[in-house]
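Residue-level structure breakdown
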Amino acid sequence: VPFSAMCVRISRDSYPNLRALRNASHASLTDAAYVKISEGDFGYVLDDVPHLADYIPDVPTYPNPLQDHPAYSTVKQYFVDEDDTVPQKVVVQKNSRRGVHFRRAGPRQRVNFESDEVKACIVSCGGLCPGLNTVIRELVCGLAHMYNVNNIFGIQNGYKGFYSSNYVAITPKTVNDIHKRGGTVLGTSRGGHDTKKIVDNIQDRGINQVYIIGGDGTQKGAYEIYKEIRKRGLKVAVAGVPKTIDNDIAIIDKSFGFDSAVEEAQRAINSAHVEACSAENGIGLVKLMGRYSGFIAMYATLASRDVV
Ligand SMILES: Nc1ncnc2c1ncn2[C@@H]1O[C@H](COP(=O)(O)OP(=O)(O)OP(=O)(O)O)[C@@H](O)[C@H]1O
Ligand SMILES: O=P(O)(O)OC[C@H]1O[C@](O)(CO)[C@@H](O)[C@@H]1O
């Protein structure tokens with residue numbers, strides 16, 4: 001959610017090792033300093049999200065503009081309590097330890113930026129996934145309509161666009177129809193991550209909110225950007241938006257694009273079924289994406305009763 005937090009989540013690969021990182025060996029001591037884990041009673045562990053206040057002690061807070069918004073102000077308990085956390089494991093037994101928890105997402109009563117002060121940018125990196133344009137559109141419209149932000153820029157063609165292309169101003173009007181198109185209107189790329197150059201540009205252009213949409217590689221890059229920003233003591237929030245068509249991030253309900261992929265997969269399965277039925281002893285074979293993560297194949301199979 002814009003404004004409320006810096007929410008760089010370390011990639012799904014490195015996530016289980018966060019605690020190990022804390023007890024760190026020599027090599028990972030630098031990373032250990034950035035990991036934010038606290039423990040409470042009965043085995044409660046909070047695997048927390050880094051926040052501007054961790055390194056800018058007097059970072060100011062302001063009332064969330066949503067509190068005066070006609071669409072939200074009437075809803076009781078719209079804001080998320082600062083102390084809400086969500087357990088990693090839902091199934092427990094009477095004597096279970098309370099276990100690992102994550103900070104609950106959602107709008108906070110107080111935010112750390114004033115609307116006029118915000119200069120936000122959005123970048124998409126890595127491979128394509130259905131819904132990228134919808135995410136971009138929602139970010140732009142959410143910032144503009146809900147948080148009254150007028151300065152939003154698109155970074156072109158992935159990370160290298162931070163230092164090798166012009167930043168393009170984007171408004172709700174320019175993104176109005178993009179959710180009906182595939183791909184990403186910002187363009188994307190692999191490679192080209194140069195942390196210092198990226199943060200130099202963020203700093204020079206006065207950007208203070210960075211929204212980074214991408215897969216595990218992209219989120220590793222976002223983490224490097226966050227560390228550099230923190231080293232320089234900049235008031236710049238970095239938000240990682242996880243992109244995986246495979247729905248293989250256990251700590252979120254569902255990743256965007258997964259449903260579309262399952263729907264497409266079913267179309268292929270249906271066609272194969274038609275072919276198979278029309279041939280003597282016919283068998284249809286459908287190969288789906290996801291060599292290391294079988295959720296698309298599993299959901300498409302479960303939804304289509306034609307698969308043996
Ligand atoms: N360890 C890393 N540190 C910094 N940047 C990285 C790292 N790994 C990848 N990146 C950068 O992240 C961007 C995207 O990475 P990558 O090509 O791995 O795609 P991805 O985000 O994993 O998405 P997909 O799941 O579609 O492959 C590239 O610009 C790459 O340079
Ligand atoms: O079926 P394959 O060859 O594993 O390729 C599909 C994979 O490529 C990606 O789209 C990008 O890495 C994954 O998200 C996906 O699982």
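Residues numbered from 1 in each chain as written. Chains lettered and ligands numbered in written order. Predicted model: local features only at pLDDT ≥ 70, side-chain atom pairs only at ≥ 80, totals over all residues. Heavy atoms only, no water.

Looking at an unreviewed UniProt entry, one finds the chain named Phosphofructokinase domain-containing protein and attributed to Aegilops tauschii subsp. strangulata. Per its UniProt entry, the chain bears the Function (unreviewed entry) comment "Catalyzes the phosphorylation of D-fructose 6-phosphate to fructose 1,6-bisphosphate by ATP, the first committing step of glycolysis." Per UniProt, the comment on the chain under Cofactor (unreviewed entry) is "Mg(2+)". (UniProt positions renumbered as here; feature names shortened; annotations may be inferred.)

1. Describing the overall build of the chain
Helices and strands together make up the secondary structure of the chain, namely eight helices and 11 strands. Relative to the globule expectation of 19 Å for 308 residues, the C-alpha radius of gyration of the chain, 22 Å, shows essentially globular dimensions. Contacts in the chain between residues far apart in sequence, at least 24 positions, make up 75% of those at least 6 positions apart. Carbon and sulfur atoms make up 50% of the accessible area of the chain, which totals about 17,200 Å². Across the chain, the 36 positively charged side chains and the 33 negatively charged ones have centroids separated by 2 Å. (Helix = DSSP H or I, 4+ residues; strand = E, 2+ residues; numbered from the N terminus. Rg over C-alpha atoms; globule rule 2.2 N^0.38 Å. Contact = heavy atoms within 4.5 Å. Areas by Shrake-Rupley, 256 points an atom, 1.4 Å probe, with all protein chains shown as cover. Lys, Arg positive; Asp, Glu negative; His and termini not counted. Charge placed at Lys NZ, Arg CZ, Asp CG, Glu CD.)

2. Looking at the site of ligand 1
Around ligand 1 there are 13 residues in total, and Gly-127, Arg-190, Gly-191, Asp-216 and Thr-218 lie nearest to it. A distance of 2.8 Å separates an oxygen atom of ligand 1 from a polar atom in the side chain of Arg-190. Measuring from an oxygen atom of ligand 1, one finds a backbone N or O atom of Gly-191 at 2.6 Å. Relative to its free-state accessible area of 630 Å², ligand 1 is covered by the protein chains to the extent of 69%. Looking at the shell around ligand 1 residue by residue, the class counts come to one nonpolar, eight polar and four charged. (Near = heavy atom within 4 Å. Polar contact = N/O pair within 3.5 Å; in protein donor to acceptor, adjacent residues only side chain to side chain. Nonpolar A, V, L, I, M, F, W, Y, C, P; charged D, E, K, R; others polar.)

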